[in-house]
Amino acid sequence: MCIIIEKHVHDNIFFKYVMPLCESTNMRLTDVTRLWIATFLIYAASGSVFPIFSIYMSYRGLSPYHIGLVVSIATLSSIIPIVLIGHFSDIMNREMVQSVMGTCLAFLMPIYRHLNSLLPFIIIHSMYTMLSYSYMTLSSAVAMDYIRTSRGSGFGRFRTSGALGWMLGTFLCGWIVENLGFSKVFLVSSIFFLLSAFLFMLGGLRKVGLRPLKTDSYVMHITAFRNVITNRAIYPLLTSIFIASLTVPAYYTFLPLYMTEKLKASRLLSSLAFTITPVAEIPAMMYIGALSDRIDRRKVIVLCLGAYPVRYLLTVFVRDPILVVLVQLLHGLTFGGLYVVSTAYISDSVPEDMKGLALSLYTIFTNLGSFIGNYMMGSIVRSYGFVVMYFMAAFISSISIPTLVMFSSRHR
């Protein structure tokens, strides 16, 4: 029996990431397996629909300007709910909160098949943005509840689940749309969300349903809340993330349109621009996360921010759609490495029982940047075209580097 298990472990890529994580964080194998698979399913669910949102809205008759408007409003309207959900998860059973959100997302996804005008898209996409961003953010908070030491390498290994899930989801997205149509892809996403919610529920049921809110603990919680909101150590990072996030719609929202309309690429090839990114994310998350455990995390963050302008300029300069897809490997730095190291940095800077709120702040600053950026990038595309948009994205994202260096040294 032991020989069979050993052979299976070595042959299965899942255990390449799960077993070292379990050993390095002292997590029980049942817990790390469940959380790893749950996070894998979250990103498979999101990845299976994300690449085609803008294409689907365009297919339903929305202009690039209206697409940017939908995404901007959805992002803005999700900011306060994300704060409240993050704060709520710090008080309540975090994994049960996750289970409820996953179930809501599962029932929400099929509704997209019936949308055909601006207002319904604004309403439904706002609900999706609020729930999905909170769902992904709190999956990191759940992981940090278990990972207490070597957070850069530990969380980096854990987040390989999201990268692999995103790879599966984005691949399925392109294949399903090309062969079965838009409606089936929303159904697949719904199934993934429901399965992830079930796994979080299994962990939540093992815990007390509600954390006791005694007077003294409530006062301490409010004090910790104030300390997080006024924590000067994290705001230089959040400000630089906000600046960089102004430009991320150039990838997330408008890259599929740029490839299909400007470069005449197929929908399947445009979705591969999202499928390929985990190839770079997985090593970046593990090795850059581990690097940040050995040196100043801010230096690693600067390296990741520097990849933003390089990525946008290369997207414009290479005209072959296949080369444009390969350029997106820099996502390993602009998202994978940046997210892991920033999460570790924030988690080290706040009280242990306030990680949900603190990581929600990261999401909020990202969403604020995306809110402005979607409207701004959509307006640039409408007036000047895709090429000018990418040049502007390169210039704006480069400002995030001196912002982090200057303000972090001031508040060090």
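First, a word on scope: everything that follows refers to the structure included in this document. (Residues numbered from 1 in each chain as written. Predicted model: local features only at pLDDT ≥ 70, side-chain atom pairs only at ≥ 80, totals over all residues. Heavy atoms only, no water.)

## What to know about the environment of Lys184
With respect to the helices and strands, the residue Lys184 is situated in helix 11 (residues 182-205). Once the C-alpha coordinates of Lys184 and Cys173 are considered, the two residues, 11 residues apart in sequence, prove to be 9.4 Å apart. (Helix = DSSP H or I, 4+ residues; strand = E, 2+ residues; numbered from the N terminus.)

## Comments concerning the pattern of salt bridges
Counted by the stated rule, this structure contains three salt bridges. A salt bridge links Asp293 to Arg297; its shortest N-O distance comes to 3.1 Å. With a relative accessible area of 12%, Arg297 lands in the buried category. (Salt bridge = Lys/Arg side-chain N within 4 Å of Asp/Glu carboxyl O. Buried < 20%, exposed > 50% of the residue type's maximum accessible area, 1.4 Å probe, protein only.)

## Some remarks on unusual backbone geometry
Its identity as a non-glycine residue notwithstanding, Lys264 has a phi of 60°, on the positive side. With respect to the helices and strands, the residue Lys264 is situated in the loop between helix 15 (255-262) and helix 16 (267-275). Note on Lys264: relative accessible area 68%, which makes it exposed.

## Regarding the packing of aromatic side chains
Per the stated rule, a full pass over the model turns up 24 aromatic pairs. Ring pairing ties together the aromatic residues Phe50, Phe53, Tyr56, Tyr59, Tyr112, Phe121, Tyr128, Trp166, Phe182, Phe186, Tyr251 and Tyr252, which thus form one cluster. Above the face of the Tyr251 ring, Arg311 is positioned so that its terminal group lies 4.0 Å from the ring centre. Sitting over the ring of Tyr65, Arg382 keeps its end group 4.3 Å from the ring centre. (Phe/Tyr/Trp six-rings, centres within 6.5 Å; stacked < 30°, edge-to-face > 60°. Lys NZ or Arg CZ within 6 Å of the ring centre and 35° of its normal.)

## A short note on empty space enclosed by the protein
The tally for this structure, following the rule as stated, stands at one cavity of 30 Å³ or more. Size it by volume and the largest cavity reaches roughly 910 Å³. What lines the largest cavity is a set of 43 residues, among which Phe50, Tyr133, Tyr252, Phe335 and Thr366 lie closest to the centre. Grouping the constituent residues of the lining of the largest cavity by class yields 22 nonpolar, 18 polar and three charged. (1 Å grid on protein atoms, 1.4 Å probe; cavity = no way out; pocket = protein on both sides within 12 Å on 5 of 7 lines; lining within 4 Å. Points joined across faces, edges and corners; volume = space filled by probe spheres on them. Nonpolar A, V, L, I, M, F, W, Y, C, P; charged D, E, K, R; others polar.)

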